[in-house]
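For reference, the chains in residue letters:
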Amino acid sequence: MTKSSSPSRLDAFFGNPAAAVGMAVVCNMLWGSAFPFIKMGYRLFAIDATDTASIMCFAGVRFMLSALLVYAGGAALRRGPLPMPKGKNLLSCCGLGLWQTAAQYTFYYSAVALLTGAMGGILNSTQSFMGVILAHFLYGKADRMTPRKAIGCALGFSGVLVATLGNHGSGSPAGVAYMLIASVIFALAGPWNKAVTQKVDSFTVSCLNLGIGGAALLVIGLVLGGSLHPQSFGAVPVLLFLAFISGAGYVIWALLMKNNPVSRIAVFGLIIPIMNVLLSAILNGEPLFEWQYLAALVLVCGGIYLVNRPNGKLGSRS
């Protein structure tokens, strides 16, 4: 495998419809496991929900470790160092890191501390519907809003409404607001990410995204007086697993976005809220069979499927 052939082989693999489906499932399973493991990490590091500074330190260390994993993986596949962009491309990658990683996860991690895993997962799924609405205005006829997509968005937001009505002890209004803000930032970052990976190596984009964003989070957290104190042996392994989730997820998603129509892969986002609810019950002892969670999951997953279902046969380009 040569340096020049590696990226093209990766692009060919991720552009294959069957491989794209498989990797989309893996990516969303990883992301779906993040929320409950973050909550477990807070517990193992004894981080209180009100300790924003330490929360930012926790997030910053995670993403900086993720950046190192991405760089190591990319360099191993290329059998050489990752190519670093210059000029406007470098600034764009750094800006993406400050936006998609630092800004998004400032709100996301704050929301995790204030919500149950099930509630957080359901709220986080709104990014799928926000992305559809945003695409209509950005791309016009190329990705216009259709009656099917409109119904899907309505179902999805109805699911969020069912989950939040009465709250049911699932978290504070501030936590709900933080998660929705994080979802908006994620949706707005999608087109930016796609544009950057057309010009810069996907591993490099992910490495800079995570590294710059993580460093910003860590510095802000330390300045505000945050710190990390593991309380048991399991604390560090959980943090390392979260770093792997982020590093692997960012690279896989960047390659999928680069080489596929969004509609082919976005439909598998329905895996994320399901994984969130299941793992929150298994790992953190949260209730699994609460009616509002189950009803919200059905509505949200149905909405995700409708807004992203390809036209024609499964796997066909749309």
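Because the structure is predicted, anything quoted here is derived from the model rather than measured.

A. The arrangement of the overall build of the protein in detail. A tally of helices and strands in the protein yields 13 helices and 0 strands. Shown N-terminal to C-terminal, the secondary structure of the protein runs as helices and strands in the order α-α-α-α-α-α-α-α-α-α-α-α-α. Within the span of the protein, comprising 318 residues, buried residues form 54% of the whole. Total accessible area on the protein is roughly 13500 Å²; 72% of this is exposed by carbon and sulfur atoms.

B. View of the packing of helix α2 (residues 17-44) against helix α12 (residues 271-284). Where α2 contacts α12, the two axes come as close as 8 Å, and the packing angle between them is 35°. Our pair here, α2 against α12, has a crossing hand that is right-handed. Residues Val25, Asn28, Met29, Trp31, Gly32, Ser33, Phe35, Pro36, Phe37, Lys39, Met40 and Arg43 of α2 form the contact with α12, whose participating residues are Ile271, Ile272, Met275, Asn276, Leu279, Ser280, Leu283 and Asn284.

C. Quick peek at the environment of alanine 243. Looking at the element boundaries, alanine 243 is found in helix α10 (residues 235-259). On the accessibility criterion, alanine 243 (1% relative accessible area) is buried. Linking alanine 243 and leucine 210, residues 33 residues apart in sequence, is a C-alpha distance of 10.0 Å.

D. The arrangement of the nonpolar core in detail. Ranked by size, the top nonpolar core spans 76 residues in total, and within it Tyr42, Phe58, Tyr108, Tyr109 and Leu256 carry the most contacts. Residues within four places of tyrosine 108 in sequence aside, it is in contact with Phe35, Ile38, Asn124, Met179 and Ala182. Listed in part, the 7 residues of the second largest apolar core include Cys93, Leu96, Ala189 and Val196.

E. Quick look at the packing of helix α3 (residues 52-78) against helix α9 (residues 202-223). Close contact between α3 and α9 brings their axes to 7 Å; oriented N to C, the two are set at 155°. Judged on the interaxial angle alone, α9 and α3 are roughly antiparallel. Every pair of crossing elements has a handedness; the one defined by α3 and α9 is left-handed. Among the residues making up the contact of α3 with α9, the classes are represented as 19 nonpolar, 8 polar and no charged.

F. Expanded view of α2. Compared with the 40 Å implied by 1.5 Å per residue over 28 residues, the 40 Å span of α2 between its first and last C-alpha is a close match. The sharpest bend along α2 reaches about 35° and sits at alanine 34, with the proline proline 36 one to four residues further on. The element α2 is largely enclosed, with a buried count of 20 among its 28 residues. Following α2 by one or two positions, alanine 46 adopts a phi angle in the positive range, close to 55°.

G. Representation of the packing of aromatic side chains. Applying the stated criterion across every chain yields a total of 14 aromatic pairs. Centre to centre, the rings of tyrosine 105 and tyrosine 108 are 5.3 Å apart; their planes meet at 70°, and the pair counts as edge-to-face. With tyrosine 105 and tyrosine 108 both in helix α4 (residues 87-114) and 3 residues apart, the pair spans about one turn of that helix. Residue tyrosine 108 is classed as buried on the basis of its relative accessible area, which comes to 6%. Feature note: the residues Phe35, Tyr42, Phe45, Phe58, Phe63, Tyr105, Tyr108 and Tyr109 constitute an aromatic cluster, connected by ring pairs.

H. Looking closely at the environment of valine 132. Its place among the elements puts valine 132 in helix α6 (residues 126-139). Along the sequence, valine 132 and methionine 145 sit 13 residues apart, while their C-alpha atoms lie 7.4 Å from each other.

What counts as what
- Along each chain, the written sequence defines residue order, and numbers are assigned to residues from 1.
- pLDDT decides what is reported in this predicted model: residues at 70 or higher carry local features, side-chain atom pairs at 80 or more are listed and counted, and totals for whole chains, interfaces and linings draw on all residues regardless.
- Excluding hydrogens and water, the side-chain figures rest on all heavy atoms present in the structure.
- Strands are runs of DSSP state E lasting at least two residues, helices are runs of H or I lasting at least four, and both sets are numbered from the N terminus onward.
- Burial here depends on accessible area, computed with a 1.4 Å probe over protein chains only, as a share of the maximum for the residue type. Under 20% is buried, over 50% is exposed, and the range in between is partly exposed.
- We get accessible surface area from the Shrake-Rupley algorithm with a probe of 1.4 Å; when it comes to residues, only the shown protein chains can shield them.
- In this analysis, axes come from line fits to C-alpha atoms, helices being fitted only over the stretch in contact, and the angle between any two N-to-C directions falls in the range 0 to 180 degrees.
- Crossing chirality is assigned from the near helix's rotation relative to the far helix, an anticlockwise turn below a right angle marking it left-handed and a clockwise turn marking it right-handed.
- Only heavy atoms enter the contact rule, under which two residues are in contact if any of them lie within 4.5 Å.
- We call a set of buried Ala, Val, Leu, Ile, Met, Phe, Trp, Tyr and Cys residues a nonpolar core when their side-chain atoms join them within 4.5 Å.
- An angle counts as roughly parallel when it lies under 35 degrees, as roughly antiparallel when it exceeds 145, as roughly perpendicular when it falls between 65 and 115, and as oblique in every other case.
- Classes in brief: Ala, Val, Leu, Ile, Met, Phe, Trp, Tyr, Cys and Pro nonpolar; Asp, Glu, Lys and Arg charged; the others, Gly included, polar.
- Take the residue count of a helix, subtract one, and multiply by 1.5 Å to get its expected span.
- A residue's bend is simply the angle between two axes: one fitted to the seven residues ending at it, one to the seven starting at it.
- Only the six-membered ring of Trp is used, alongside the rings of Phe and Tyr, when aromatic pairs are assigned; centres must lie within 6.5 Å, and planes under 30 degrees apart are stacked while those over 60 apart are edge-to-face, with the rest tilted.

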